[in-house]
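# Observations on the three-dimensional arrangement
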Amino acid sequence: MSLDKFAPAIFVVLWSTGWIVAKYASLHSGPFTFLMIRYSLSALAFVLLCSVTGARWPRDWSSVFRAVYSGIFLHGIYLGGLWWAIAQGVPAGMAGIIAALQPLMTAMAAPFLVGERLQPVQRLGLLLGFIGIAIAISPKLLTPETANLWQAVVPLAVNLLAMASVTYGTLYQKRYLQTGDLRTIATLQYVGALIVTVPLAFIFEGLHFDGTQTAILSLLWSVFGLSMGGVGLLLYLIRRGQVSRAASLIYLMPPAVAIEAAIAFGEPLTLPIIIGTAVVVIGVYLTNRRTADVVPE
């Protein structure tokens with residue numbers, strides 16, 4: 001039983017908890033401040049991991065630059081924009097739709113940036129994934145809070161920018177960081193993330209973090225569950241498989257969050273969520289199918 005077999009499922013479980021953590025953390029900290037602390041602790045944790053395990057650091061400055069540069073987009077702009085948009089009132093349903101756009105963005109851009117082409121059945125899988133997401137979150141789009149969405153043009157635009165950022169960062173990772181130690185690459189990527197979040201935390205939030213038990217627990221899970229566990233698996237998936245296949249796992253996030261919210265907050269699992277989840281699973285399966293005539297990269 002290899003990691004390749006179980007890594008996607010573990011990644012979905014870990015990564016989906018980020019939405020739950022964001023909900024808790026937004027009540028106790030500014031988004032940029034929380035992410036700044038998270039990235040700093042994550043970088044230190046990875047440095048310790050690299051030291052204990054004897055990880056190999058890049059031997060040339062170009063490799064260092066590429067790792068830092070990719071972190072700016074994969075972590076800094078992506079999570080910074082997403083968390084800020086949620087804090088500014090972008091509804092979870094609409095944020096879920098925007099998140100579901102990433103695989104489509106990736107599939108459209110991959111032929112131009114990494115020379116990766118999808119088969120028709122994989123394209124069908126991507127389309128089914130988006131349809132499933134729309135079905136699953138459709139009830140949330142009818143809530144009263146959605147009526148005020150269009151008064152928040154800037155947060156919505158920032159949310160879109162965040163998804164474009166992680167799409168670009170994923171493709172850049174696939175093209176330029178296929179070699180090297182993933183542990184040291186992840187460490188340097190958090191340096192790139194700090195380049196974005198530190199100035200924003202100081203300028204706009206005055207380092208607001210209340211230090212309550214909920215804030216501390218959210219921070220610890222963000223560091224060890226998400227930054228180390230989730231991000232480590234994401235980098236592993238990008239390197240081991242097609243970049244579009246790794247990105248297609250994003251489709252499973254909103255349904256997974258719905259299940260976790262039902263457990264944590266007692267939110268009901270509606271029929272649209274159940275049907276949408278089934279469609280999403282089919283879409284992800286089709287996108288991740290390995291066939292003999294896949295065009296090599």
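Residues numbered from 1 in each chain as written. Predicted model: local features only at pLDDT ≥ 70, side-chain atom pairs only at ≥ 80, totals over all residues. Heavy atoms only, no water.

### Remarks on the overall build of the protein
Secondary structure assignment for the protein yields eleven helices and zero strands. Counting from the amino terminus, the protein carries its helices and strands in the arrangement α-α-α-α-α-α-α-α-α-α-α. Counting every position in the protein, which comprises 297 residues, the buried fraction comes to 52%. Put simply, 92% of the contacts in the protein that link residues at least 6 apart link residues at least 24 apart. For the protein, the exposed area adds up to about 13,800 Å²; of that, 71% sits on carbon and sulfur atoms. (Helix = DSSP H or I, 4+ residues; strand = E, 2+ residues; numbered from the N terminus. Buried < 20%, exposed > 50% of the residue type's maximum accessible area, 1.4 Å probe, protein only. Contact = heavy atoms within 4.5 Å. Areas by Shrake-Rupley, 256 points an atom, 1.4 Å probe, with all protein chains shown as cover.)

### Quick notes on the confidence of the model for the protein
The predicted structure's coordinates, where accompanied by low pLDDT, should not be read in detail. Per-residue confidence for the protein averages 80 on the pLDDT scale, and 79% of its residues sit at or above 70. Across residues 291-297, confidence stays below pLDDT 50; counting only partners more than four residues off in sequence or on other chains, it has twelve contacts. (pLDDT = per-residue confidence, 0-100.)

### Points about helix H3 (residues 61-87)
With 27 residues, H3 ought to run about 39 Å at 1.5 Å a step, and its terminal C-alpha atoms sit 37 Å apart, in line with that. Isoleucine 72 marks the point of greatest bend in H3, at about 35 degrees. Directly beyond the C-terminal end of H3, a positive phi value near 105 degrees is found at glycine 89. (Expected span 1.5 Å × (residues − 1). Bend = angle between axes of the 7 residues up to and from the residue.)

### Observations concerning the packing of aromatic side chains
Enumeration according to the criterion identifies twelve aromatic pairs in this entry. Between the aromatic rings of phenylalanine 73 and tyrosine 168, the centroid separation amounts to 4.8 Å while the plane-to-plane angle is 70 degrees, which identifies the pairing as edge-to-face. Highlighted residues: phenylalanine 73 in helix H3 and tyrosine 168 in helix H6 (residues 153-176), separated in sequence by 95 residues. One aromatic cluster is present, built from ring pairs that chain together Phe65, Tyr69, Phe73, Tyr168, Tyr172 and Tyr176. (Phe/Tyr/Trp six-rings, centres within 6.5 Å; stacked < 30°, edge-to-face > 60°.)

### Let's talk about a nonpolar patch on the surface
Nonpolar side chains collect at one region of the surface, where Ile259, Ile263, Leu269, Leu271, Ile274 and Ile275 lie side by side and expose about 600 Å² of accessible area between them. Of all the elements in the fold, those that place two or more residues in the nonpolar patch are helix H10 (253-265) and helix H11 (271-287). When residues in the nonpolar patch are grouped by element, the largest group, three residues, is from H11. Tracing the backbone shows isoleucine 275 in helix H11. Of the residues examined, isoleucine 275 reaches a relative accessible area of 40% and is grouped as partly exposed. (Patch = residues over 30% accessible without salt bridge, like charges linked within 9 Å, V, L, I, M, F, W, Y side chains within 5 Å. Salt bridge = Lys/Arg side-chain N within 4 Å of Asp/Glu carboxyl O.)

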